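# Secondary and tertiary structure notes
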Amino acid sequence: MSKIKIAFFDIDGTLIDPEKKRITDNTKKALLKLKENGVKICIATGRPPEKVPDFKSEGIDFDAFLTFNGSYSFNETETIFENPLDKEDVKQIIQNGEEMGHPVVLATKDRTEANGLEEDLVEYFSIANQRIKLATDFEELSKDEVFQIMMAGGKDEYKAMLKDTKRAAVAVWWPSKEEAMAFGDGNNDLEMLKTVGLAVAMENASKELKEAADVICGHVSEDGIYTYCKENNYFE
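Residues numbered from 1 in each chain as written. Predicted model: local features only at pLDDT ≥ 70, side-chain atom pairs only at ≥ 80, totals over all residues. Heavy atoms only, no water.

Right, let's talk about the sheet that holds strand β5 (residues 79–82) for a bit. With respect to topology, eight strands assemble into an open sheet ordered β5-β4-β3-β2-β1-β10-β11-β12, the strand pairing being mixed. The open sheet has two edge strands, β5 and β12 (215–216), and neither has a second partner. Pairing of strand β11 (residues 198–201) with β12, which is carried by two bridges, proceeds in the parallel orientation. Each residue of the ladder has a partner; that of Ala201, found in β12, is Ile216. The sheet strands contacting helix α1 (residues 25–36) are β1 (6–9), β2 (40–44) and β10 (180–184), and the helix crosses β2 at an angle near 135°. This element, helix α8 (residues 224–231), spans β1, β10, β11 and β12 of the sheet and lies at about 150° to β10. (Pairing = 2+ DSSP bridges. Helix = DSSP H or I, 4+ residues; strand = E, 2+ residues; numbered from the N terminus. Contact = heavy atoms within 4.5 Å. Axes fitted to C-alpha atoms, helices over the stretch in contact; angles between N-to-C directions.)

Shown next, in the form of structure tokens:
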């Protein structure tokens with residue numbers, strides 16, 4: 001029997017095929033089998049809580065949700081961890097965006113709204129079949145607890161985006177990393193994969209994530225999670 005006791009799953013490109021916009025029957029079967037074998041299953045995503053799909057309607061009851069790339073984590077009964085952005089940093093990043101000509105999307109626990117639209121942002125949200133909502137009270141929204149700010153831009157703009165802000169980092173903790181595995185497909189999953197004992201990248205994952213992973217499973221459209229778990233005896 002495997003020593004794995006907990007497993008973390010990204011959503012887009014991992015649990016859900018971006019083209020089919022759904023979770024396959026075999027992926028659902030894998031998750032349910034893991035739970036039957038006593039493995040805790042958790043969502044780990046960059047999405048805000050309000051944008052996490054209703055997996056319960058699919059018959060899947062996740063044990064915990066790590067949203068905003070880990071800065072707000074919770075289960076059905078309590079908040080496990082929360083680390084909102086520094087309010088002065090929020091103001092500064094909004095200002096930086098204005099100076100760069102980039103609108104920003106602010107995400108709180110309950111709202112994900114923007115002060116403008118930009119093609120790259122619209123395309124990013126469409127991957128998860130979402131639309132950007134424009135805030136009618138953006139200044140008030142910016143004073144709330146903001147857990148994530150989204151802004152379009154390339155690597156050459158990162159320094160300008162973060163001009164005059166403080167540095168922040170999020171660490172995900174689990175009693176024994178050897179008892180944890182994680183599945184992901186994008187670069188925002190790098191920290192998650194570095195934290196666990198067994199890091200699994202999807203076949204459709206980015207080059208950087210594959211290089212950081214311990215193993216690579218099948219493509220999300222080909223039931224990669226199910227096949228990997230079955231072949232490695234995580235369930236019968």
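Picking up where we left off.
For the rest of this paragraph, the subject is the pairing of β2. Most of β2 is tucked away: four of the five residues are buried. In this structure, β1 lies alongside β2, joined through four bridges in parallel fashion. If you follow Phe9 over to β2, its bridge partner there is Ile43. Taken together, β1, α1 and β2 form a β-α-β motif whose crossover is right-handed. The pairing of β2 with strand β3 (residues 64–67) spans three bridges and is classified as parallel. From the neighbouring strand, Cys42 faces β3, where its bridge partner is Ala64. (Buried < 20%, exposed > 50% of the residue type's maximum accessible area, 1.4 Å probe, protein only. Right-handed = clockwise from strand over helix to strand, strands pointing away.)

Looking now at a nonpolar patch on the surface. Together, Leu117, Val122 and Leu134 make up an exposed nonpolar region whose accessible area comes to about 260 Å². Summarising the element assignment, Val122 is placed in helix α3 (residues 119–127). Take Val122: its relative accessible area is 39%, and that puts it in the partly exposed class. (Patch = residues over 30% accessible without salt bridge, like charges linked within 9 Å, V, L, I, M, F, W, Y side chains within 5 Å. Areas by Shrake-Rupley, 256 points an atom, 1.4 Å probe, with all protein chains shown as cover. Salt bridge = Lys/Arg side-chain N within 4 Å of Asp/Glu carboxyl O.)

Here we take up the side chain of Thr27. By the element assignment, Thr27 lies in helix α1. Overall, the relative accessible area of 3% leaves Thr27 in the buried class. Among the polar contacts made by the side chain of Thr27, one reaches the side chain of Thr24 at a distance of 2.9 Å. With residues up to four places along the chain from it excluded, the contact list for Thr27 reads Leu15, Asp223, Ile225 and Tyr226. (Polar contact = N/O pair within 3.5 Å; in protein donor to acceptor, adjacent residues only side chain to side chain.)

Its twelve residues place the ends of α1 16 Å apart at the C-alpha level, agreeing with the 16 Å of an ideal helix rising 1.5 Å per residue. Turning to α1, its buried residues number three or more, namely Thr27, Lys28, Ala30, Leu31 and Leu34. What you see down the axis of α1 is that its buried residues fit within an arc of 155°, all on one side. Pointing more than 90 degrees away from the buried face of α1 are the exposed residues Asp25 and Glu36. For α1, the secondary structure elements touched by its buried residues are β1, β2, β10 and α8. Immediately downstream of α1, the backbone of Gly38 shows phi near 85°, a positive value. (Expected span 1.5 Å × (residues − 1). Arc of directions from axis to C-beta.)

Taken N-terminus to C-terminus, the directions of α1 and α8 make an angle of 40°; their axes are 7 Å apart at the nearest point. With respect to α8, the element α1 is oriented oblique. As α1 packs across α8, the resulting crossing turns out to be left-handed. Packed against α1, whose contacting residues are Asn26, Thr27, Lys29, Ala30 and Leu34, the element α8 presents Ile225, Tyr226 and Cys229 at the interface. In terms of residue class, the contact of α1 with α8 is built from five nonpolar, two polar and one charged. (Parallel < 35°, antiparallel > 145°, perpendicular 65-115°, else oblique. Left-handed = near helix turned anticlockwise from the far one by under 90°. Nonpolar A, V, L, I, M, F, W, Y, C, P; charged D, E, K, R; others polar.)

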